[in-house]
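Structural features, examined
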Number of protein chains: 2
Amino acid sequence: MIDEKTARENVIRAADELFYAHGVQAVGMDAVRTAAGVSLKRIYSLFASKDELIVAVLHHRTETWDNGLAGAAERATTARERILTIFDFLDGWFREPDFRGCAFINAHGELGASSSAVTGAVRAQKQAFQEYVARLVADAGAPPALAPQLAILAEGAQTTAAISGTPDAARHARAAAETLLDAAARVRG
Amino acid sequence: MIDEKTARENVIRAADELFYAHGVQAVGMDAVRTAAGVSLKRIYSLFASKDELIVAVLHHRTETWDNGLAGAAERATTARERILTIFDFLDGWFREPDFRGCAFINAHGELGASSSAVTGAVRAQKQAFQEYVARLVADAGAPPALAPQLAILAEGAQTTAAISGTPDAARHARAAAETLLDAAARVRG
DNA sequence: TTGCGCGGAGAACGATCGTTCTCTACTGTA
DNA sequence: TACAGTAGAGAACGATCGTTCTCCGCGCAA
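As named in an unreviewed UniProt entry, chain A is TetR family transcriptional regulator, taken from Promicromonospora soli.

Structure representation (structure tokens):
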């Protein structure tokens, strides 16, 4: 038998892929069982309900996102460059063939009205991203008001890329971010 | 009996409110029937399927959105101001108690993977908005590259406001738009 | 070898959904 | 009054979903 940790990971990874590709409600637990290779009984011993599995998947997505962001930031030497790597990271993501928008935004649109657990997980992720941007903005010595503006650019790029089906939004958002950074630098001195 | 036009309007209006408040998949046709006061048989004589009703609702939302945007723009005298009224319009919308994000983004996240008709309607609306912004940018004599940047700000403000539950994003996006407009004017001379 | 406990496969259950069908009541005409 | 046509109310149908239950087979102690 597979040990509990591996089984958990298999279920979350399979559910993540299916939920992201088809939407949460369009994927039945049977499909998760088949994809994960873990029996339904086992799944329900690991997660009390589908709702709990959804939240676990969102937490897993948060880690993936954070790691991707941190990995992209490593290539930068200055705080300003580190901010711009956010949009380079988005650009690479948008070009992945199975890109289908931000899983958190999608989950919120689909379940936000009915599941407060989902709303909480999504809100926590977005707030963490806001704080990440705020740290970078502070490191760059830019005014704090710049942070939510950059975060809004990143959010808008994600929905625009998802709906349009092209990765152009990353480039546009990056250009806007540069303009905002330049303007902030000009004001500062 | 209600005439066909009124029945159609009643169904679309009822479905729009329910879909927006609870999500499309969470609302059954029975609930639409009850809210619209139109029998199921009649609904299915007006719309071949739920999918067709969803698309009709999205078209109705497009008109509402266009009218709201045009109404806000009327108050402006210059092209630059007309661009900024977009964010004033968003601000007012975000403050409505039943605001729950952009219906098109929500519908795309929920059904975009399974219904190409929904994807098409959503994509058409977003493209129309992009073109609207592009016209205003041209009227303002700003470089065309500014248009997608402003549109991305508007999209990002909508998702940020929906998830955070506060209307602050409209103010932040407006400030960013002003900076971008100023920078474009500075370059132009 | 025998008995036991546990896990896998998937059938079963109750609820709900989109869609269709049945039955009844009403309208207008001769 | 008798009749044809239509629309409303909601029951019915088949499918699907989340969740639970049953049955079977395998590994291990004595």
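Anyway, onward from the coordinates.
A few words on the pattern of salt bridges. The final tally for this structure, using the stated rule, is 20 salt bridges over all chains. Between E178 of chain A and R80 of chain A there is a salt bridge; the shortest N-O distance is 3.8 Å. You can see E178 of chain A sitting in helix 9 (residues 168-188) and its partner R80 of chain A sitting in helix 5 (residues 79-94), a full 98 residues away along the chain. Classification of R80 of chain A as partly exposed rests on a relative accessible area of 31%. Of the charged contacts in the structure, one is a salt bridge between R61 of chain B and D16 of chain B, with a shortest N-O distance of 2.8 Å. Placement of the pair is R61 of chain B in helix 4 (residues 50-74) and D16 of chain B in helix 1 (residues 4-22), with a sequence separation of 45 residues. Accessibility expressed as a relative area gives 10% for D16 of chain B, which makes it buried. Salt bridges sharing partners connect three or more residues here, namely R80, D88, R174, E178 and D182 of chain A.

All names here are of chain A. Under the domain assignment, chain A is made up of domain 1 (1-47) and domain 2 (50-188). One C-alpha centre belongs to domain 1, the other to domain 2; they are set 27 Å apart. In this complex, domain 1 contributes 18 residues to the contact, which on the side of domain 2 involves 16 residues. Both faces combined, the contact of domain 1 with domain 2 buries some 1500 Å², and carbon together with sulfur accounts for 63% of it. Remark: the boundary between domain 1 and domain 2 carries 1 salt bridge. If you look at where domain 1 meets domain 2, you find 8 residue pairs in polar contact (both at pLDDT 80 or more). Secondary structure elements with two or more residues in the side of domain 1 that touches domain 2: helix 1 (4-22) and helix 2 (29-36). Among the elements that take part in the side of domain 1 that touches domain 2, helix 1 stands out by supplying 9 residues, more than any other. Considered class by class, the residues forming the side of domain 1 that touches domain 2 number 13 nonpolar, 3 polar and 2 charged.

What follows covers the packing of aromatic side chains. Under the counting rule described, the total for this entry stands at 12 aromatic pairs over all chains. Ring centres of W93 of chain A and F99 of chain A lie 4.9 Å apart, and the angle between their planes is 80°; this geometry places the pair in the edge-to-face category. Across the pair, exposure class does not vary: W93 of chain A and F99 of chain A are buried alike. An aromatic cluster of three or more residues is present, and its members are W65, F89, W93, F94, F99 and F129 of chain A. Above the ring of Y20 of chain B, the side-chain terminus of R61 of chain B is found at 4.2 Å from the ring centroid.

Attention now moves to the protein's contact with DNA strand C. As a matter of local geometry, DNA strand C sits amid 13 residues, with K41 of chain A together with G28, M29, Y44 and K50 of chain B nearest to it. When the atoms of DNA strand C within 4 Å of the protein are sorted by group, sugar and phosphate make up 63%. Measuring from a base oxygen of DNA strand C, one finds a side-chain N or O atom of K41 of chain A at 3.0 Å. Looking at the surface near DNA strand C, the elements with two or more residues in it are helix 3 (40-46) of chain A together with helix 3 (40-46) of chain B. Of the residues belonging to the surface near DNA strand C, the class tally is 5 nonpolar, 3 polar and 5 charged.

Judged by how many residues are buried, helix 6 (residues 103-111) of chain A sits mostly within the fold: 9 of 9 residues are covered. If you check which residues of helix 6 of chain A are buried, you get A103, F104, I105, N106, A107, H108, G109, E110 and L111 of chain A. The elements touched by buried residues of helix 6 of chain A are helix 1, helix 4 (50-74), helix 7 (116-139) and helix 8 (146-164) of chain A together with helix 6 (103-111) and helix 8 (146-164) of chain B.

About the thresholds
- Residues numbered from 1 in each chain as written.
- Chains lettered and ligands numbered in written order.
- Predicted model: local features only at pLDDT ≥ 70, side-chain atom pairs only at ≥ 80, totals over all residues.
- Heavy atoms only, no water.
- Salt bridge = Lys/Arg side-chain N within 4 Å of Asp/Glu carboxyl O.
- Helix = DSSP H or I, 4+ residues; strand = E, 2+ residues; numbered from the N terminus.
- Buried < 20%, exposed > 50% of the residue type's maximum accessible area, 1.4 Å probe, protein only.
- Domains from an automatic or database assignment.
- Contact = heavy atoms within 4.5 Å.
- Buried area = accessible area lost by both parts, 1.4 Å probe.
- Polar contact = N/O pair within 3.5 Å; in protein donor to acceptor, adjacent residues only side chain to side chain.
- Nonpolar A, V, L, I, M, F, W, Y, C, P; charged D, E, K, R; others polar.
- Phe/Tyr/Trp six-rings, centres within 6.5 Å; stacked < 30°, edge-to-face > 60°.
- Lys NZ or Arg CZ within 6 Å of the ring centre and 35° of its normal.
- Near = heavy atom within 4 Å.

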